[in-house]
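# Summary of structural features
Now for the letters of each chain:
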Amino acid sequence: GEDVEQSLFLSVREGDSSVINCTYTDSSSTYLYWYKQEPGAGLQLLTYIFSNMDMKQDQRLTVLLNKKDKHLSLRIADTQTGDSAIYFCAENENYGQNFVFGPGTRLSVLP
Amino acid sequence: GAGVSQTPSNKVTEKGKYVELRCDPISGHTALYWYRQSLGQGPEFLIYFQGTGAADDSGLPNDRFFAVRPEGSVSTLKIQRTERGDSAVYLCASSETGTWGEKLFFGSGTQLSVL
């Protein structure tokens, strides 16, 4: 079955860039997503990328997709303390509604 | 409603008991999803409704788990003979039409603790 992997922790200083990485196994993944989860809150969609793209930029967020290596990354520029949260990578296969999530990366932003 | 609402926010029960978890999706959203999130893990798909019918229930772990959405709006996830391993946060999400790639809106979840 599909598998999505992420490193579990990342710590950065306020104002620096954060890069959160994700690898996936399902070559038929067509959409890849980044969700953010703050304590006690539901998941919030941050951004997504279609598999025929290799980059997408949305304000402070940049998503890079290397389809050959099945590697997805999320870069947050000028990281703020409000960015502290758990970030989940997710994918769904062709025309499916079964989203597969990674274990999440806990981002800590130090002042 | 303004967002996806889940009740209760916390549920503590004893092993062997029956529980019901409720999800109230965003008004007008036809697609509704249930996920389960164990501590330190990402959400795991359980079931997806399109309107009143379960379009994909392949994620339900066994026949103790059942979900309904009788009028195509509110959904209830039912767990019979609860086990300690059922302890997790149960997340509900909805989307406007269930179209492939559409944005999901998640509720805050129900924390289920089975003692």
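What you are looking at is a predicted structure, and each value in this text was computed from that prediction instead of being measured.

## Digging into the environment of Asp56(B)
Inspection of the secondary structure assignment puts Asp56(B) in strand S6 (residues 53-56). With 53 residues separating them in the primary sequence, Asp56(B) and Gly3(B) have C-alpha atoms 23 Å apart. Filtering out sequence-adjacent residues up to four positions away, Asp56(B) remains in contact with Asn98(A), Phe45(B), Leu46(B), Ile47(B) and Tyr48(B). Looking at Asp56(B), its side chain comes within polar contact range of the side chain of Ser58(B), at 2.7 Å.

## Structural notes on the state of the cysteines
Think of a disulfide as a covalent bridge from one cysteine sulfur atom to another cysteine sulfur atom. Under the defined criterion, the tally for this structure stands at 2 disulfides over all chains. Two residues share a disulfide in this structure: Cys22(A) and Cys89(A), whose sulfurs sit 2.0 Å from each other. Given an S-S torsion of about -65°, the disulfide between Cys22(A) and Cys89(A) has left-handed geometry. Of this pair, Cys22(A) sits in strand S3 (residues 18-24) while Cys89(A) sits in strand S9 (residues 85-93); the two residues are 67 residues apart in sequence, bridging distant segments of the chain. Grouping residues by exposure puts Cys22(A) and Cys89(A) together as buried. The disulfide that involves Cys23(B) links it to Cys92(B), with 1.9 Å between the sulfurs. Taking the sign of the S-S torsion, about -70° here, the bridge from Cys23(B) to Cys92(B) comes out left-handed. Note that Cys23(B) is positioned in strand S3 (residues 19-24) and Cys92(B) in strand S9 (residues 88-95), a separation of 69 residues in sequence. With a relative accessible area of 0%, Cys23(B) lands in the buried category.

The rules behind each value
Residues numbered from 1 in each chain as written. Chains lettered and ligands numbered in written order. Predicted model: local features only at pLDDT ≥ 70, side-chain atom pairs only at ≥ 80, totals over all residues. Heavy atoms only, no water. Helix = DSSP H or I, 4+ residues; strand = E, 2+ residues; numbered from the N terminus. Contact = heavy atoms within 4.5 Å. Polar contact = N/O pair within 3.5 Å; in protein donor to acceptor, adjacent residues only side chain to side chain. Disulfide = S-S within 2.5 Å. Buried < 20%, exposed > 50% of the residue type's maximum accessible area, 1.4 Å probe, protein only.

Read these as geometric descriptors, not functional statements.
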